Amino acid sequence: MSKCKTSGFKGTNDYGKSEEREGRSCVRYKCGLLNTIQVVLRQRPGWVEVKDEGEWDFNWCDVGWLRENFDHSYMEEHVRINHFRNHYELTRKNLMVKNLKRYRKNLERDVGCMEASKCEFFPCTFALPSEYHLFVEEFKRSPGSTWIMKPVAKSQGKGIFLFRKLKDIMDWKKDGTRSEEQKDAAQVESYVAQRYIENPYLINGRKFDLRVYVLVTSYVPLKAWLYRDGFGRFSSTRFSLSSIDDKYMHLTNVAVQKTAPDYDPEKGCKWQLQQLRRYLTAKHGRETIETLFKEIDNIFVRSLQSVQKVIINDKHCFELYGYDILLDQNLKPWLIEVNASPSHTPSSQEDYEMKCSLLEDTLNVVDMEGRLTGKEKRVGGYDLMWNDGPVYREDVNLGTFGSACFSANTHLGCVNDREKQLRRLLKPFPGQKRM
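Residues numbered from 1 in each chain as written. Predicted model: local features only at pLDDT ≥ 70, side-chain atom pairs only at ≥ 80, totals over all residues. Heavy atoms only, no water.

**Q** So what exactly am I meant to see when it comes to the side chain of arginine 85 here?
**A** Examined against the element boundaries, arginine 85 turns out to sit in the loop between strand S6 (80–81) and helix H3 (88–91). On the accessibility criterion, arginine 85 (17% relative accessible area) is buried. A polar atom in the side chain of arginine 85 sits 2.8 Å from the side chain of aspartate 71. Excluding residues within four positions of it along the chain, arginine 85 makes contact with Leu66, Arg67, Phe70, Asp71 and Ile312. (Helix = DSSP H or I, 4+ residues; strand = E, 2+ residues; numbered from the N terminus. Buried < 20%, exposed > 50% of the residue type's maximum accessible area, 1.4 Å probe, protein only. Polar contact = N/O pair within 3.5 Å; in protein donor to acceptor, adjacent residues only side chain to side chain. Contact = heavy atoms within 4.5 Å.)

Below, the structure written as structure tokens:
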């Protein structure tokens, strides 16, 4: 474990020494959030919270802090921070689609249509107001279809609405055509218009999506971990296209659903991913659901590759993404969005325990204490999915079958025996007995 000496993040006015801490084994952390991550950090052996302008080794910050401070910061070699400088290339809805479209186009040019077709996992989307005329052309090709409007930089379902008629967005369009002077006075908000998935997979008549966690520790080379746990987020109202104004029917965000009149805080509106995978396997068979989860793996890898060349890679940075995946009736997975700050506020005791484990294992992978060799394929609930190329399971029998029998090292929705695995993998913290 690194010693608490003067090295670490130094603000522009912070040159003081911390002599009284010299020689103590600890990690000094700063945390700008007041939810489960704060609990996990406080419980971590040997980690000490730093207030205000104190020097730190690890910072779990919000994106606002990053925007204001990152470019003016000097960081020692060992320091870690939980966002890449321009994380928004993947997590802003308009930029994500722009990068995916460019990536798909480059694949088609360089490798061919077959490879490019592996990127057909996001709905037809246009950035507004810049692509308004392209959107209108597409809109007119399929009269009567349903579209969804989303602000590019908001979360938790804020500002989202469905529409079927151009006049429904005319008020918004008027804002978008104001003069430059007027825009300076009150900047029009950017949106994406996206073709709505009209045939979602339903369970008990209700729509749901998957929240899955992907941890990226490097973009050059790309190194990404997939967490085994996650959850399905259900709407509280039975699905129907006859009403497009009912947000409790169409939006699965927990922030929206918990305001529904019949929301039950005890039950919440979530299924653990293991439960969901078991349900789908019982209904459709193991082979079909294995194929579905491979297609979901493909979404993670392709989306990360689409921004690999534009993200400013920095050895100090890591990113815990929250992916939102929707299934349609044909069991095709669709990427809806990627979140840079997935909520760590629990909605139930089960949810709290899952999020604590997720965050503990994120810290285990980032490994401020230096307990890993760097060659691990699994750390707690995380499986190494990509390491400058696909990662395969160790239990694969190579035999005479060639590469066709290789299985990806991903176990999404499978058993997560993380505590047992961590006991085998990690030495105890100094002064801590083995369980």
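Still more to cover.
**Q** Can you walk me through the packing of helix H11 (residues 273–284) against helix H12 (residues 286–307) in this structure?
**A** What describes two packed helices is the angle between their axes and the distance between those same axes. Relative orientation of the contacting elements H11 and H12 amounts to 130 degrees, with a least axis distance of 7 Å. Put simply, H11 runs oblique to H12. Packed against H11, whose contacting residues are Arg277, Leu280, Thr281 and His284, the element H12 presents Arg286, Thr288, Ile289, Glu290, Leu292 and Phe293 at the interface. (Axes fitted to C-alpha atoms, helices over the stretch in contact; angles between N-to-C directions. Parallel < 35°, antiparallel > 145°, perpendicular 65-115°, else oblique.)

**Q** What is the right way to read the sheet that holds strand S3 (residues 47–49) from this model?
**A** The pairing of strands in a sheet comes from backbone hydrogen bonds and takes either a parallel or an antiparallel form. Reading across from one edge, S3-S2-S4-S6 is the order of the 4 strands in this open sheet, with parallel pairing throughout. What marks the edges here is a single partner per strand, and that holds for S3 and S6. Of the strand pairs in this sheet, strand S4 (residues 58–60) and S6 are connected by 2 bridges, and their pairing is parallel. What sits directly across from phenylalanine 58, in S6, is arginine 80. Against the sheet, helix H1 (residues 36–43) touches strand S2 (27–31), S3 and S4, its axis set at about 165 degrees to S2. Those strands touched by helix H13 (residues 349–366) are S3, S4 and S6, and its axis lies near 145 degrees from that of S4. (Pairing = 2+ DSSP bridges.)

**Q** Hey, could you run me through the pattern of salt bridges in this one?
**A** Two side chains carrying opposite charge are able to pair once their charged atoms lie near each other. All told, the structure shown has 26 salt bridges when counted by the stated rule. We note a salt bridge from lysine 355 to aspartate 351, for which the minimum N-O separation is 3.2 Å. Here lysine 355 and its partner aspartate 351 are both found in helix H13, 4 residues apart, which amounts to about one turn of the helix. Just as lysine 355 is buried, aspartate 351 falls in that class too. (Salt bridge = Lys/Arg side-chain N within 4 Å of Asp/Glu carboxyl O.)

**Q** Explanation requested: the pairing of strand S8 (residues 147–151) in the structure shown.
**A** Strand residues, when the strand is regular, have side chains that alternate between the two faces of the sheet. Extensive coverage of S8 is indicated by the burial of 5 of its 5 residues. Of the two faces of S8, the one lined by Trp147, Met149 and Pro151 and the one lined by Ile148 and Lys150 are each fully buried. As defined by bridge partners, S8 adjoins strand S9 (residues 161–163) across 3 bridges and the pair is classed as antiparallel. Residue pairing for S9: isoleucine 148 is matched across the bridge by leucine 162. Looking at chain direction, S8 and strand S10 (residues 191–195) are connected through 5 bridges and run antiparallel. Within S10, the residue paired with lysine 150 across the bridge is valine 192.

**Q** I tried to follow the packing of aromatic side chains on my own but got confused; where do I start?
**A** Pairs of aromatic rings are described using the distance from one ring centre to the other and the angle between the two planes. For the coordinates displayed, the defined rule picks out 25 aromatic pairs. Ring geometry for phenylalanine 135 and phenylalanine 139: centres 5.7 Å apart, planes at 55 degrees, overall tilted. Within this pair, phenylalanine 135 and its partner phenylalanine 139 are both found in helix H6 (residues 132–141), separated by 4 residues, close to a single helical turn. Accessibility assignment for this pair places phenylalanine 135 and phenylalanine 139 in one class, buried. The interplanar angle of 70 degrees and the centroid separation of 5.6 Å between the aromatic rings of tryptophan 271 and tyrosine 279 together place this pair among those described as edge-to-face. Above the face of the phenylalanine 126 ring, lysine 101 is positioned so that its terminal group lies 5.2 Å from the ring centre. (Phe/Tyr/Trp six-rings, centres within 6.5 Å; stacked < 30°, edge-to-face > 60°. Lys NZ or Arg CZ within 6 Å of the ring centre and 35° of its normal.)

**Q** I tried to follow the pairing of S10 on my own but got confused; where do I start?
**A** Among the 5 residues of S10, 4 are classified as buried, and the element is accordingly described as predominantly covered. Two strands pair when backbone bridges link them, and strand S7 (residues 125–128) and S10 are joined in this way by 4 bridges, in the antiparallel orientation. If you follow phenylalanine 126 over to S10, its bridge partner there is alanine 193.

**Q** Can you walk me through the packing of helix H4 (residues 93–110) against H12 in this structure?
**A** In contact at an axis separation of 8 Å, H4 and H12 are set at 95 degrees when each is read in the N-to-C sense. In terms of orientation, H4 and H12 fall into the roughly perpendicular class. In this structure, H4 contributes Asn99, Leu100, Arg102, Tyr103 and Leu107 to the contact, and H12 contributes Arg302, Ser303, Gln305, Ser306 and Val307. Counted by class, the contact of H4 with H12 contains 4 nonpolar, 4 polar and 2 charged residues. (Nonpolar A, V, L, I, M, F, W, Y, C, P; charged D, E, K, R; others polar.)

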